[in-house]
Amino acid sequence: MKDKFWVALSSIEQLSSSFILMLYDHFQDIESAFYATYSQLKEIDGLNKKKAEAFLNLRDKVDLDKTYEYVINNSIDVVTFENPDYPVLLKEIENLPAVLYVKGDLSSCNLNRTVAVVGSRRATFNGKESLKLVLKDLANTDICIVSGLAAGIDTTAHHTAIENGLKTIGVIASGFNFTYP
């Protein structure tokens with residue numbers, strides 16, 4: 001089960017997704033990347049001695065099984081970069097996430113027809129009402145609304161999507177074990 005290696009690496013706050021994907025790209029196997037030795041890491045272009053040592057130090061502090069069990073025991077699904085279900089459009093952004101943690105039924109969303117909604121946490125009345133009008137025009141289609149879970153425009157987007165028969169995805173920027181708000 002390769003997912004546990006993806007989860008373990010992504011659980012290390014100091015490692016960026018781009019770093020994890022650089023390891024994956026080099027080794028072409030996430031388990032090999034996880035167990036890489038210092039001499040193997042030195043072969044990676046752009047990875048200096050300090051970063052290689054820091055990675056090894058951080059990796060050695062991760063309890064591989066315990067980290068993965070936490071995800072499983074909390075009914076969190078894992079969609080990794082190498083998973084065929086990883087959203088194709090997401091692979092086109094800069095600094096894409098190496099792992100998606102999912103609660104709910106991601107397969108019910110048409111990931112090829114999404115609208116991202118980004119806005120202020122202190123949204124004005126006009127801002128919220130304008131968003132409601134736009135989303136109402138999309139009612140009962142297979143378009144999926146993607147937004148954060150913060151107060152303001154994000155919350156309005158999710159509530160309005162549900163009221164209009166649209167699927168919605170809430171993106172938590174803070175990690176799978178802390179939901180804000």
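Nothing here was measured: the structure is a model prediction, and the numbers come from that model.

Caption draft 1: Examining the overall build of the protein more closely. Helices and strands together make up the secondary structure of the protein, namely 8 helices and 5 strands. Its C-alpha atoms put the protein at 60 × 30 × 25 Å along the principal axes. Out of the 181 residues belonging to the protein, those deemed buried represent 37%. The contacts in the protein between residues at least 6 apart in sequence include a share of 61% that link residues at least 24 apart. Accessible area of the protein: about 11,000 Å², with a carbon and sulfur share of 50%. Both charge centroids of the protein, one from 18 positive and one from 23 negative side chains, sit 7 Å from each other.

Caption draft 2: Summary view of the sheet that holds strand S3 (residues 114–117). Taken together, the 3 strands give an open sheet; going across it, the order is S3-S4-S5, and neighbouring strands pair in parallel fashion. In this open sheet, the two strands that pair with only one neighbour each are S3 and strand S5 (167–171). For this sheet the average axis-to-axis angle between neighbouring strands, irrespective of direction, equals 25°. Summarising the sheet, strand S4 (residues 144–148) and S5 pair through 5 bridges and their orientation is parallel. In the strand pairing of S5, Gly148 is matched with Val171. The strands touched by helix H8 (residues 153–163) within the sheet are S3, S4 and S5, with S4 carrying the most contacts at an inclination of about 155°.

Caption draft 3: Quick look at the packing of helix H7 (residues 125–136) against H8. Orientation of H7 relative to H8, taken along the N-to-C sense of each, is 30°, at an axis distance of 10 Å. Classified by chirality, the crossing of H8 by H7 is right-handed. For the pair H7 and H8, contact is made by Gly127, Lys128, Leu131, Lys132 and Leu135 and by Ile153, Thr156, Ala157, Thr160 and Ala161, respectively.

Caption draft 4: Geometry of the pattern of salt bridges. Tallying each qualifying case throughout the model produces 6 salt bridges. Notably, a salt bridge pairs Lys2 with Asp29, separated by 2.7 Å at the nearest N-O pair. Here Lys2, found in the segment before helix H1 (3–10), pairs with Asp29, found in the loop between helix H2 (17–27) and helix H3 (30–34); they are 27 residues apart in sequence, far enough to count as distant. Residue Asp60 is joined to Arg59 by a salt bridge in which the shortest nitrogen-to-oxygen separation is 3.1 Å.

Caption draft 5: Representation of unusual backbone geometry within the structure. Of note, Gln28 is a non-glycine position whose phi angle comes to about 60°, a positive value. Within the secondary structure, Gln28 is located in the loop between H2 and H3. The exposed category is assigned to Gln28, whose relative accessible area is 52%. Although it is not a glycine, Asn95 adopts a positive phi angle of roughly 55°. As for its position among the elements, Asn95 is in the loop between strand S1 (77–80) and strand S2 (99–102).

Caption draft 6: Examining H1 more closely. Burial of H1 is extensive: 6 of the 8 residues sit out of reach of the surface. Buried within H1 are the following residues: Asp3, Phe5, Trp6, Val7, Ala8 and Leu9. Check the buried side of H1 and you find it contacts H2, H3, helix H5 (49–59), helix H6 (64–73), S1 and S2.

Caption draft 7: Local environment of the side chain of Arg59. Secondary-structure assignment places Arg59 in helix H5. A polar contact of 3.1 Å, which involves the side chain of Arg59, links it to the side chain of Asp60. The contact partners of Arg59, leaving out residues within four places of it in the chain, are Ile12, Phe34, Tyr35 and Ala36.

Caption draft 8: Seen up close, the packing of aromatic side chains. Applying the stated criterion to the full structure yields 7 aromatic pairs. Measuring from centroid to centroid gives 5.6 Å for Phe19 and Phe55, while their planes differ by 50°, and the two rings are tilted. Of this pair, Phe19 sits in helix H2 while Phe55 sits in helix H5, and the two are 36 residues apart along the sequence. An angle of 90° between the planes, with centres 5.1 Å apart, marks the rings of Phe34 and Tyr35 as edge-to-face. Judged by relative accessible area, Phe34 falls into the buried class, the value being 5%. Directly above the aromatic system of Phe81 lies the positively charged group of Lys91, at a separation of 4.5 Å from the ring centroid.

Calculation rules
Residues numbered from 1 in each chain as written. Predicted model: local features only at pLDDT ≥ 70, side-chain atom pairs only at ≥ 80, totals over all residues. Heavy atoms only, no water. Helix = DSSP H or I, 4+ residues; strand = E, 2+ residues; numbered from the N terminus. Buried < 20%, exposed > 50% of the residue type's maximum accessible area, 1.4 Å probe, protein only. Contact = heavy atoms within 4.5 Å. Areas by Shrake-Rupley, 256 points an atom, 1.4 Å probe, with all protein chains shown as cover. Lys, Arg positive; Asp, Glu negative; His and termini not counted. Charge placed at Lys NZ, Arg CZ, Asp CG, Glu CD. Pairing = 2+ DSSP bridges. Axes fitted to C-alpha atoms, helices over the stretch in contact; angles between N-to-C directions. Left-handed = near helix turned anticlockwise from the far one by under 90°. Salt bridge = Lys/Arg side-chain N within 4 Å of Asp/Glu carboxyl O. Polar contact = N/O pair within 3.5 Å; in protein donor to acceptor, adjacent residues only side chain to side chain. Phe/Tyr/Trp six-rings, centres within 6.5 Å; stacked < 30°, edge-to-face > 60°. Lys NZ or Arg CZ within 6 Å of the ring centre and 35° of its normal.

Any functional reading would require information that these geometric values do not contain.
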